[in-house]
Amino acid sequence: MRKLHQKALLTAGCMMAMPLSASAQDMVALLLPENVNPRWEQQDAAAFVARMKEIAPDVSVEVFNANNDSSVQQRQAEQALTQGAKVLVVTPIDGDSSAIIADLAAEEGVPTIAYDRMINSANTKFWVQADMFATGAAQAQHVVDNTADGDTLVMLKGSPTDPNAAVIADGQMSVLQPLFDSGARKLGYENWTPGWDPAIARRSMDQALTQLNNDVQGVVSSNDGNAGAAIEAMEEQGMAGTVPVSGLDCTVQAQQLMLLGKQTQCGWRPLHEMGGAAAEVAVRLMNDQDYSDLATATVTNGVGATVNFVPVDSYSAVGAEGVAYVIENDPSVSRDMVCQGEAAKTDFCAD
């Protein structure tokens, strides 16, 4: 076999990736949804590329970023297929419209792995993800545990086109709906956040505070970007640090806010394991090898197709103890990274 180099190109827009020559090595394509959330490039893509380099150094990796534009993501997929991609690993912007990506790939005999978010196509072969229903339930339970009977809650949900956002919301409501029905908690305001854009979440939280005259005792936020936006809005009202706020991803900023007592929970997933698992599956598919030890279950997607499921764990991080757990278990985060700015003055960082 020819000795070839590992390559990873991060592509913003649809036609910026360097073309491969006809004699180039086998290639897999990783299609990211956006760069609003730093995790996609800094954690998921980095882990995927690193694991590919370890287990398949002769395979080239092309990394694309569609910047929250579904049409751009489709064109990037077409470009990858034209370049000869043997596997597509896709985090869809829209789980429904992105079905065309898996369908186009299948026409070329190329399998599609849905990474993090499900693609609702009969041609989706694998899904790599944690239990997002349980994650949403844990977020809601945390806020419930830190509020009292009759308290008013705000729900800042995720992007309406992201299949995960609906599953997270369903998990949240599995805890909250009985309490709303009984009056033990009140739903004061809820809104979706297109593109998971923190600027939109900030407007939603501003509206909630205005409509409710600041009578808010808990914020059930579906991710850290929404949580940070809610905290900024409450900061202006002198409320930050007095209201429990949930999140997801445990970004460095979220962990700093947790140490400061302003964000109180975040759901953590081992993104390095998720990225690595996707790479393992991609290589097995390229080599026509057995993958039953990786895909230990199946799920049914939105069009009724059976999809091989590669599960990963999750953890509900709360307070300084949760921050310590994430730092210990997440290779992309260090104590020095978290203990910056205001957070450096906390007892956690001073010890």
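As the structure is a computational prediction, the values presented were derived from the model and not from experiment.

(A) Layout of the sheet that holds strand S7 (residues 151-156). Here three strands make up an open sheet; going across it, the order is S8-S7-S9 and the pairing parallel. Lying at the two open borders of the sheet, with one neighbouring strand each, are strand S8 (185-191) and strand S9 (218-221). For this sheet the average axis-to-axis angle between neighbouring strands, irrespective of direction, equals 25°. One ladder, built from four bridges, connects S7 with S9; its direction is parallel. Its bridge partner lying in S9, Leu153 is registered against Gly218. Packed onto the sheet, helix H4 (residues 132-145) meets S7, S8 and S9 and runs at close to 175° relative to S9. Against the sheet, helix H5 (residues 163-182) touches S7, S8 and S9, its axis set at about 150° to S7.

(B) Geometry of the side chain of Asn226. Relative to the helices and strands, Asn226 is located in helix H7 (residues 224-236). Among the residues examined, Asn226 registers a relative accessible area of 0% and is labelled buried. There is a polar contact of 3.2 Å between the side chain of Asn226 and the backbone oxygen of Leu156.

(C) The arrangement of the packing of helix H8 (residues 252-259) against helix H10 (residues 319-329) in detail. Interhelical geometry of H8 versus H10 gives an angle of 150° and a closest axis separation of 8 Å. For the element pair H8 / H10, the angle class is roughly antiparallel. Considering the relative orientation of H8 and H10, their crossing is left-handed. Residue-level contacts link Gln255, Met258 and Leu259 of H8 to Gly319, Ala320, Val323, Val326 and Ile327 of H10. Residues that form the contact of H8 with H10 fall into these classes: six nonpolar, two polar and no charged.

(D) Focus on the environment of Ser332. Mapping Ser332 onto the fold places it in the loop between H10 and helix H11 (335-338). Sequence-distant contacts of Ser332, defined by excluding residues within four places in its chain, comprise Gln43 and Met337. There is a polar contact of 2.9 Å between the side chain of Ser332 and the side chain of Gln43. Within the local environment of Ser332, its side chain forms a polar contact with the side chain of Asp330, the two groups lying 2.7 Å apart.

(E) Region of interest: the environment of Lys125. Its location among the elements puts Lys125 in strand S6 (residues 124-129). Separated by 183 residues in the primary sequence, Lys125 and Asn308 place their C-alpha atoms 6.2 Å from one another. Setting aside anything within four residues of it in sequence, one finds Lys125 in contact with Pro111, Thr112, Val307 and Asn308.

(F) Summary view of the packing of H4 against H5. Direction vectors running N to C along H4 and H5 enclose 40°, while the axes themselves pass 7 Å from each other. One way to sum up the angle between H4 and H5 is to call them oblique. Pair H4 / H5 crosses with right-handed handedness. The residues of H5 that touch H4, namely those facing Met132, Phe133, Gly136, Ala137, Gln139, Ala140, Gln141 and Val144, are Asn164, Val167, Ile168, Asp170, Gly171, Gln172, Ser174, Val175, Leu176 and Leu179. Residues of the contact of H4 with H5, tallied by class, amount to ten nonpolar, seven polar and one charged.

(G) Examining the state of the cysteines more closely. This model, assessed by the stated rule, comprises two disulfides. The partner cysteine of Cys339 in its disulfide is Cys349, sulfur to sulfur 2.0 Å. Disulfide Cys339 to Cys349: torsion about the S-S bond roughly -85°, handedness left-handed. Placement of the pair is Cys339 in the loop between H11 and helix H12 (347-350) and Cys349 in helix H12, with a sequence separation of ten residues. Judged on exposure class, the residue Cys339 and its partner Cys349 are both buried. Sequential numbering of the bridged cysteines in the protein chain gives the disulfide pattern 1-2, 3-4.

Calculation notes
- Residues numbered from 1 in each chain as written.
- Predicted model: local features only at pLDDT ≥ 70, side-chain atom pairs only at ≥ 80, totals over all residues.
- Heavy atoms only, no water.
- Pairing = 2+ DSSP bridges.
- Helix = DSSP H or I, 4+ residues; strand = E, 2+ residues; numbered from the N terminus.
- Axes fitted to C-alpha atoms, helices over the stretch in contact; angles between N-to-C directions.
- Contact = heavy atoms within 4.5 Å.
- Buried < 20%, exposed > 50% of the residue type's maximum accessible area, 1.4 Å probe, protein only.
- Polar contact = N/O pair within 3.5 Å; in protein donor to acceptor, adjacent residues only side chain to side chain.
- Parallel < 35°, antiparallel > 145°, perpendicular 65-115°, else oblique.
- Left-handed = near helix turned anticlockwise from the far one by under 90°.
- Nonpolar A, V, L, I, M, F, W, Y, C, P; charged D, E, K, R; others polar.
- Disulfide = S-S within 2.5 Å.

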